[in-house]
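Commentary on secondary and tertiary structure
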Amino acid sequence: MRSRTGDARLDALCERAAGAFRSAFGGEPALWTIAPGRVNLIGEHTDYNDGFVLPAAIDRHVVIAAGPRSDRLVRLFAPDLGDRGDRAEFDLDGLERDPVHPWTNYERGVAWVLQGEGYALSGMDAVLTGDLPIAAGLSSSAAVEVATAHTFQMFCDLELDGVRRALLCQKAENEFVGMRCGIMDQYIISLGRRDHALLIDCRSLSYDLVPIPAGCSVVICDTRKQRGLVDSEYNTRRQECETGARLLGVPALRDVSVAQFEAREAELPEVTRKRCRHVVTENQRVLDAVAALRAGDTGRFGQLMDASHVSLRDDYQVSCKELDAMVEAAQAQEGVLGARMTGAGFGGCTVNLVATDAASAFQQRVSEEYARATGVVPRVYVCAAADGVHSLA
Ligand code: GLA
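Here is a short report on the structure shown in this document. Residue indices follow the written sequence of each chain, beginning from 1 at its first position. Local features in this predicted model are restricted to residues whose pLDDT is 70 or higher, and side-chain atom pairs enter the listing and the counts only when it is 80 or higher, whereas totals over whole chains, interfaces and linings include all residues. Note that water and hydrogens are dropped before the side-chain values are worked out from all heavy atoms of the structure.

In this section: the state of the cysteines. Criterion for a disulfide: a pair of cysteine sulfur atoms within 2.5 Å. Counted under the stated rule, the structure contains zero disulfides. In this structure Cys-181 is a free cysteine whose sulfur lies 9.9 Å from that of Cys-169, the closest cysteine sulfur available. With relative accessibility at 7%, the residue Cys-181 sits in the buried group. Looking at the unpaired Cys-202, the closest cysteine sulfur is the one in Cys-181, lying at 11 Å. Exposure classes here rest on a 1.4 Å probe applied to the protein chains alone. A residue is buried below 20% of its type maximum, exposed above 50%, and partly exposed in between. The exposure class of Cys-202 is buried, given its relative accessible area of 7%.

Counting buried residues in strand β10 (residues 336-341) gives five out of six residues, a clear majority hidden from the surface. Sheet topology note: the β10/strand β11 (residues 349-355) ladder contains five bridges and is antiparallel. Bridge assignment links Met-341 to a residue of β11, and that residue is Thr-350. To qualify as a helix, a DSSP run of H or I must reach at least 4 residues; to qualify as a strand, a run of E must reach at least 2; elements of each kind are numbered from the N terminus. Between any two strands, pairing holds if DSSP finds at least two bridges.

The next subject is the site of the ligand. The nearness test applies per residue and asks whether one of its heavy atoms lies within 4 Å of the molecule or strand. Taken together, Arg-38, Glu-44, His-45, Asp-47, Tyr-48, Cys-181, Gly-182, Met-184, Asp-185, Tyr-234, Gly-343 and Ala-344 make up the full set of residues near the ligand. N or O atoms closer than or at 3.5 Å make up a polar contact, with two conditions inside protein: a donor-capable atom paired with an acceptor-capable one, and, for residues adjacent in sequence, both atoms drawn from side chains. In this structure, Gly-182 approaches the ligand through a main-chain N or O atom, which is 2.9 Å from an oxygen atom. The separation between an oxygen atom of the ligand and a polar side-chain atom of Tyr-234 is 2.6 Å. In these tables, accessible area is a Shrake-Rupley quantity obtained with a 1.4 Å probe, and a residue counts as shielded only by the protein chains included in the view. When the ligand is considered free in solution it has 300 Å² of accessible area, and contact with the protein chains removes 95% of it. Side-chain classes follow a simple rule in which Ala, Val, Leu, Ile, Met, Phe, Trp, Tyr, Cys and Pro form the nonpolar group, Asp, Glu, Lys and Arg form the charged group, and the remainder, Gly included, forms the polar group. Taken together, the residues that form the shell around the ligand break down as five nonpolar, three polar and four charged.

The next thing to look at is the nonpolar core. As used here, the term nonpolar core means buried Ala, Val, Leu, Ile, Met, Phe, Trp, Tyr and Cys residues forming a set that is joined through side-chain atoms within 4.5 Å. Membership of the largest hydrophobic core comes to 79 residues, with the highest contact counts inside it found for Leu-54, Leu-114, Leu-121, Phe-152 and Phe-301. Among the elements that take part in this core, helix α3 (residues 140-156) stands out by supplying eight residues, more than any other. The contact definition used throughout considers only heavy atoms, calling two residues in contact when any of these lie within 4.5 Å. In this structure Leu-114 touches Tyr-119, Leu-121, Ala-149, Phe-152, Leu-158, Leu-160 and Leu-168, once residues within four positions along its chain are discounted. The next biggest cluster of nonpolar side chains, apart from the first, holds 23 residues, and it includes Leu-248, Leu-253, Val-256 and Phe-346.

Looking at the element boundaries, Glu-173 is found in helix α4 (residues 162-177). On the accessibility criterion, Glu-173 (7% relative accessible area) is buried. Apart from the residues within four sequence positions on either side, Glu-173 is in contact with Tyr-106, Ser-141, Glu-145, Gly-178, Met-179, Cys-181 and Gln-186.

Written as structure tokens, this is what we have:
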């Protein structure tokens with residue numbers, strides 16, 4: 001059979017989505033939208049400080065198989081939820097949050113924002129599936145948002161470039177779902193590039209492509225610790241950063257260099273000082289890490305990842321014992337260049353840069369070591385950097 005996507009894993013996901021579409025709605029889907037998850041190599045909790053981040057889209061995806069409708073109804077089927085899947089529907093004229101099917105709030109929120117911005121939408125039937133782990137800190141919710149926006153874009157002929165699409169999806173998450181996330185996740189899912197990370201300037205919203213170095217693999221280790229505190233602690237950290245910027249008299253912590261911070265840190269209360277120290281040094285680490293990669297110095301890049309973890313653990317205080325155990329297990333292995341928690345924290349995943357010829361032994365040994373330390377068998381994925389959202393007819 002001819003490959004639809006050029007990738008066996010994605011072909012299988014598209015087939016599964018089409019099968020679910022047939023059984024839920026009858027007929028064939030008109031298109032498939034494919035949105036990757038993301039992993040951040042370095043630059044954590046810097047995006048909402050107007051700073052720098054270096055994420056990559058990963059080859060684990062959300063797939064939407066959809067057909068257009070001429071009325072205002074959106075019917076959704078998620079075959080992977082519950083024992084037999086979950087169905088829900090909403091009207092584009094009555095968009096509210098759904099407490100019974102909370103997974104639909106991402107689609108609802110995107111429709112709400114698009115219409116609020118004056119885009120004319122019509123309904124659709126859609127199946128949502130994928131192989132991106134849910135609630136593991138790999139941005140499955142942002143992937144659903146961006147995939148939904150892209151599907152509306154295709155069906156309703158909306159003029160939306162990648163950055164604007166990301167901004168509107170972030171707005172859906174901030175204002176409809178109620179999570180004050182920064183721009184990183186929606187941006188990289190919208191604009192990611194195969195075999196590359198993106199150095200994103202979260203103030204200008206421009207990016208530079210940074211190739212993943214040859215001979216290195218990005219390995220993601222899922223602690224399987226649910227990220228319980230993440231929403232409330234995340235919002236607290238944002239406020240602490242805003243306080244820090246105000247006390248330092250700058251628009252955002254992006255505007256403070258490491259030297260400027262060191263000259264004035266004594267003026268700050270202790271907790272604010274620690275939060276600011278993380279953000280200011282992390283921004284510098286991102287720039288240093290990109291310079292290291294461009295110079296072919298993967299060893300230096302790895303050291304900066306390790307330093308980022310220490311800063312997130314001790315100054316920003318968003319790690320947890322499971323993330324620390326996973327990083328420690330990783331750092332003890334041969335072939336590992338760097339290891340750190342990734343994403344918001346309080347559980348979820350670590351990201352590791354590992355020599356490709358050592359990656360499969362690394363996968364095995366880290367799993368064993370983490371299971372021995374915590375009693376939990378982790379999930380470990382060797383990932384490739386993938387393209388951002390796109391649709392296939
Ligand atoms: C979450 C948010 C992002 C970013 C990271 C931390 O993933 O959605 O915007 O702030 O946390 O770097």
